[in-house]
Amino acid sequence: MSSKNQQQNKQQIAVLASSTFAFTICFAIWMMFAVLGIPIKAQLGLNETEFGLLAATPVLSGSLVRVPLGIWTDRYGGRIVFFILMLSSVLPIWLISHATAYWHFLVLGLFVGLAGGSFSVGTPYVARWFGKERRGLAMGIFGAGNSGSALTKFVAPAIIAAFGWQMLPKVYAVAMLVTAVAFWLCSFSDPTHKMPAGVSFSEQMKVLKDPRVWRYCQYYSVVFGGYVGLALWMTKYYVTEYGFDMRLAALLAACFSLPGGVLRALGGWISDKYGAYKVTWWVMWVCWVCFFLLSYPQTNMIIKTVTGSTTLQIGLTPLMFTVLLFVVGVAMAVGKASVFKFIGDDFSDNIGAVSGVVGLAGGLGGFVLPILFGALVDLTGVRSSAFMLLYGTVCVSLVWMHFSFKDSARPAAPARLAVVA
């Protein structure tokens, strides 16, 4: 191997490692209200819908900035955009520790949400350093930074229990600043990865006319939007449904968040080997079965027997619930990677813009879902209604996939028949 190739390999590894670490910290901060919101909810007396809005507010801004961030990454390079993005969120994170009113948290949450836009920067930045044969694995490893959601569930309850909730934003602000500096020192730039200067915004966005983009948006709104929504909701779900304290609830919720992030790299490898369509199809089926089981509420039934009435209780125990949630986390991790395998293969020349659009759709799903979860609980009083909603979204994906790929999956007619005809 030549010295030039050795240097390039070292730069590839450095870019992948530094970007994955930075994205992990950004994602942990993006998900901070999943835990931080619980003491704030108690302090401010919020209802379920208000809690859902509080938890989801950073997801909204983090989603809306994904398209311009992806385009800027194409144009200016991922290294500088990623660095500036991280620095811009440090002060708002710190100011959360001084917030006192509900609207304070909502406004600051919008600025904190900028950290969530890092995905649309890191994805094209990392992807362009690797060839097509390894791109799925590389993007999967980077996407494993979603495990930052689990990091928050491990770290945040301990900090809040020891020092109060006001300490958590201060710790996270310092962590973001240190991460930004470390990323800048360890990463590299390649001018050949930038889009030509003459390419306009409108030309980059012409890709929206491609129906494949909207198809991938819908898939990603399920596997990523569902992941974000559940990651924000599950800690409180364990507290209210099973009566656990916040630390145990966060630990159990991490059984979903951790595999849902870390195993994305495995999903990238599987997608490289078996193809994005086949992997995404089976991911949707696994989620469909699990959400059906998770949707069933705690139920007491009185059955009349020959010897009298018997009470039958139907519902998931905490263990069964956690096992099913773990399976969903694994499936969503694989699905997130397979959807971006589609994008990397189909739009390699415009991956920043397309990943931004698809990331926006996934992020908006993650914003809307916690609010809908809260509204459904307030309206029905049934906590498992959150999984009923997710079950319906997966049904839509399965039907859309079936009809979208039906013709392309059908074997072509033998050539000799065409000659006879």
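Use the structure listed above.
Residues numbered from 1 in each chain as written. Predicted model: local features only at pLDDT ≥ 70, side-chain atom pairs only at ≥ 80, totals over all residues. Heavy atoms only, no water.

Where strand E1 (residues 299-305) meets strand E2 (residues 308-314), 7 bridges bridge the pair, whose relative direction is antiparallel. Residue pairing in the sheet places isoleucine 303 in a bridge with threonine 310 of E2. (Pairing = 2+ DSSP bridges. Helix = DSSP H or I, 4+ residues; strand = E, 2+ residues; numbered from the N terminus.)

Considering only enclosed or pocket space, the largest pocket measures out at about 190 Å³ in volume. Together, Phe292, Leu293, Ser295, Tyr296, Ile314, Gly315, Leu316, Met320, Leu324, Met388 and Tyr391 line the largest pocket. When contributions to the lining of the largest pocket are tallied by element, the ones reaching two or more residues are helix H17 (276-294), helix H18 (318-346) and helix H20 (385-409). Among the residues making up the lining of the largest pocket, the classes are represented as 9 nonpolar, 2 polar and no charged. (1 Å grid on protein atoms, 1.4 Å probe; cavity = no way out; pocket = protein on both sides within 12 Å on 5 of 7 lines; lining within 4 Å. Points joined across faces, edges and corners; volume = space filled by probe spheres on them. Nonpolar A, V, L, I, M, F, W, Y, C, P; charged D, E, K, R; others polar.)

Position of serine 118 relative to the elements: it lies in helix H8 (residues 118-127). Classification of serine 118 by relative accessible area gives buried; the value is 0%. Among the polar contacts listed, one links the side chain of serine 118 to the backbone oxygen of alanine 115, at a separation of 2.7 Å. Serine 118 has contacts with Phe23, Cys26, Phe82, Leu85 and Phe142, leaving out every residue within four places of it along the chain. (Buried < 20%, exposed > 50% of the residue type's maximum accessible area, 1.4 Å probe, protein only. Polar contact = N/O pair within 3.5 Å; in protein donor to acceptor, adjacent residues only side chain to side chain. Contact = heavy atoms within 4.5 Å.)

Turning our eyes to something else, we now look at helix H10 (residues 148-163). Over its 16 residues, H10 extends 21 Å from the first C-alpha to the last, a length consistent with the 22 Å expected when each residue adds 1.5 Å. Where H10 bends most, at valine 155, the angle is about 25 degrees, and the proline proline 157 comes one to four residues later. Inspection of H10 places Gly148, Ser149, Ala150, Thr152, Lys153, Ala156, Pro157, Ile159 and Ile160 among the buried residues, and these make up the whole buried set. Of the residues one or two after H10, glycine 164 is the one with positive phi, at around 95 degrees. (Expected span 1.5 Å × (residues − 1). Bend = angle between axes of the 7 residues up to and from the residue.)

Here we come to the pattern of salt bridges. Going through the model one piece at a time under the given rule, you end up with 2 salt bridges. The salt bridge partner of glutamate 48 is lysine 236, with a shortest N-O separation of 2.4 Å. Here lysine 236 lies in helix H14 (residues 225-242) and glutamate 48 lies in helix H3 (residues 48-64), a separation of 188 residues in the sequence. Residue glutamate 48 shares its accessibility class with lysine 236, and that shared class is buried. The residue glutamate 241 makes a salt bridge to arginine 383 at a minimum N-O spacing of 3.3 Å. Of the two residues, glutamate 241 sits in helix H14 while arginine 383 sits in the loop between helix H19 (351-380) and H20, which places them 142 residues apart along the sequence. With relative accessibility at 22%, the residue glutamate 241 sits in the partly exposed group. (Salt bridge = Lys/Arg side-chain N within 4 Å of Asp/Glu carboxyl O.)

Phe291, Phe321 and Phe387 are the most contacted members of the largest nonpolar core, which has 125 residues in total. Broken down by element, the residue count for this core peaks at 11 residues, all from H18. Excluding residues within four positions of it along the chain, phenylalanine 291 makes contact with Leu230, Val328, Met332, Phe387, Leu390, Tyr391 and Val394. (Core = buried A, V, L, I, M, F, W, Y, C linked by side-chain atoms within 4.5 Å.)

A complete count under the given rule lists 33 aromatic pairs for this structure. Arranged with centres 6.2 Å apart and planes meeting at 15 degrees, the rings of tryptophan 30 and phenylalanine 224 form a pair that is stacked. Of this pair, tryptophan 30 sits in helix H1 (residues 3-30) while phenylalanine 224 sits in the loop between helix H13 (211-223) and H14, placing them 194 residues apart in sequence. For phenylalanine 224, a relative accessible area of 0% gives the class buried. These aromatic residues form a ring-pair network of at least three members: Phe23, Phe27, Trp30, Phe119, Phe142, Tyr220, Phe224, Tyr227 and Phe256. For lysine 236, the ring lying beneath its charged end belongs to tryptophan 233, and the centroid distance is 4.4 Å. (Phe/Tyr/Trp six-rings, centres within 6.5 Å; stacked < 30°, edge-to-face > 60°. Lys NZ or Arg CZ within 6 Å of the ring centre and 35° of its normal.)

The next point concerns the packing of H3 against H14. Packing of H3 against H14 leaves a shortest axis separation of 10 Å and a crossing angle of 140 degrees. Classified by the angle between their axes, H3 and H14 sit oblique to one another. Between H3 and H14 lies a crossing whose hand is right-handed. Touching Glu48, Phe51, Gly52, Ala55, Ala56 and Val59 of H3 are Val228, Leu232, Trp233 and Lys236, all from H14. The residue makeup of the contact of H3 with H14, split by class, is 7 nonpolar, 1 polar and 2 charged. (Axes fitted to C-alpha atoms, helices over the stretch in contact; angles between N-to-C directions. Parallel < 35°, antiparallel > 145°, perpendicular 65-115°, else oblique. Left-handed = near helix turned anticlockwise from the far one by under 90°.)

It is worth spelling out the packing of helix H2 (residues 33-44) against H3 at this point. For the pair H2 and H3, interaxial distance at closest approach is 10 Å and the crossing angle is 140 degrees. Crossing of H2 over H3 shows right-handed handedness. Residues Phe33, Ala34, Gly37, Ile38, Ile40 and Lys41 of H2 pack against Glu48, Phe51, Leu54, Ala55 and Pro58 of H3. Tallied by class, the residues present in the contact of H2 with H3 amount to 8 nonpolar, 1 polar and 2 charged.

Another aspect to go through is the environment of isoleucine 314. Mapped onto the secondary structure, isoleucine 314 falls in strand E2. Spatially, the C-alpha atom of isoleucine 314 lies 8.4 Å from that of tyrosine 296, the residues being 18 residues apart in sequence. Filtering out sequence-adjacent residues up to four positions away, isoleucine 314 remains in contact with Tyr296, Pro297, Gln298, Thr299 and Met301.

Okay, the environment of tryptophan 129 next. Within the secondary structure, tryptophan 129 is located in the loop between H8 and helix H9 (132-143). Separated by 116 residues in the primary sequence, tryptophan 129 and isoleucine 13 place their C-alpha atoms 9.3 Å from one another.

All quantities given are derived from atomic positions and should not be read as evidence of function.
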